[in-house]
Amino acid sequence: MFSYAPLWKTLIDKKMNKTDLRNTCNITKQTIADMSKNKYVSLKSLDKICKHLNCNIYNIIEYIPDEE
């Protein structure tokens, strides 16, 4: 499973909220909603976020192995 927990921490560190992220990166409300539920988001959206926040992918997403 992938988690966007690092993104929410990055936003706090940059004193931004989800609306700021949406407006700054020109991504949709649905994309923000999907990330809030740890759902699939396109690499294009992740690329926009990395560019506009000037960060690396590990600052916005992390992999959490499924427990078996």
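Before reading further, recall that the structure is shown in the block above.
The shown structure was predicted, so the numbers you read here are calculated from the model rather than taken from an experiment.

(A) Structural view of the nonpolar core. Ranked by size, the top nonpolar core spans 16 residues in total, and within it Leu-7, Leu-21, Met-35, Ile-49 and Ile-60 carry the most contacts. Counting residues per element, the ones that place at least two in this core are helix 1 (5–13), helix 2 (18–25), helix 3 (29–36) and helix 4 (43–53). Counting residues per element, this core draws most heavily on helix 4, at four residues. With sequence-adjacent residues up to four places away left out, Leu-21 is seen in contact with Leu-7, Leu-11, Met-16, Asn-26, Ile-27, Ile-32, Met-35, Ile-49 and Leu-53.

(B) Structural view of the packing of helix 2 against helix 3. Between helix 2 and helix 3, whose axes approach to 10 Å, the crossing angle comes to 130 degrees. Between helix 2 and helix 3, the angle is such that the two are oblique. Regarding helix 2 and helix 3, the two cross each other, and that crossing is right-handed. Residues Lys-18, Leu-21 and Arg-22 of helix 2 lie in contact with helix 3, whose contacting residues are Lys-29, Ile-32, Met-35 and Ser-36. When the residues that make up the contact of helix 2 with helix 3 are grouped by side-chain class, the tally is three nonpolar, one polar and three charged.

(C) Looking closely at the packing of helix 2 against helix 4. The interhelical angle for the contact between helix 2 and helix 4, taken along N-to-C directions, is 100 degrees, at an axis separation of 9 Å. Accordingly, the angle class assigned to the pair helix 2 and helix 4 is roughly perpendicular. Here helix 2 contributes Leu-21, Thr-24 and Cys-25 to the contact with helix 4, which in turn contributes Lys-48, Ile-49, His-52 and Leu-53. Its residues assigned to classes, the contact of helix 2 with helix 4 comprises four nonpolar, two polar and one charged.

(D) Structural view of the side chain of Ser-45. Note that Ser-45 resides in helix 4. Not counting the four nearest positions on each side in its chain, Ser-45 is found in contact with Ile-27 and Thr-31.

(E) Spatial organisation of the environment of His-52. With respect to the helices and strands, His-52 occurs in helix 4. By relative accessible area, His-52 is classed as partly exposed at 44%. Considering only alpha carbons, one finds His-52 and Asp-13, 39 residues apart in sequence, at a separation of 14 Å. Residues in contact with His-52, not counting those within four places in the same chain, are Thr-24 and Cys-25. One polar contact links the side chain of His-52 to the main-chain carbonyl oxygen of Lys-48, over a distance of 2.9 Å.

Definitions and cut-offs
Residues numbered from 1 in each chain as written. Predicted model: local features only at pLDDT ≥ 70, side-chain atom pairs only at ≥ 80, totals over all residues. Heavy atoms only, no water. Core = buried A, V, L, I, M, F, W, Y, C linked by side-chain atoms within 4.5 Å. Buried < 20%, exposed > 50% of the residue type's maximum accessible area, 1.4 Å probe, protein only. Helix = DSSP H or I, 4+ residues; strand = E, 2+ residues; numbered from the N terminus. Contact = heavy atoms within 4.5 Å. Axes fitted to C-alpha atoms, helices over the stretch in contact; angles between N-to-C directions. Parallel < 35°, antiparallel > 145°, perpendicular 65-115°, else oblique. Left-handed = near helix turned anticlockwise from the far one by under 90°. Nonpolar A, V, L, I, M, F, W, Y, C, P; charged D, E, K, R; others polar. Polar contact = N/O pair within 3.5 Å; in protein donor to acceptor, adjacent residues only side chain to side chain.

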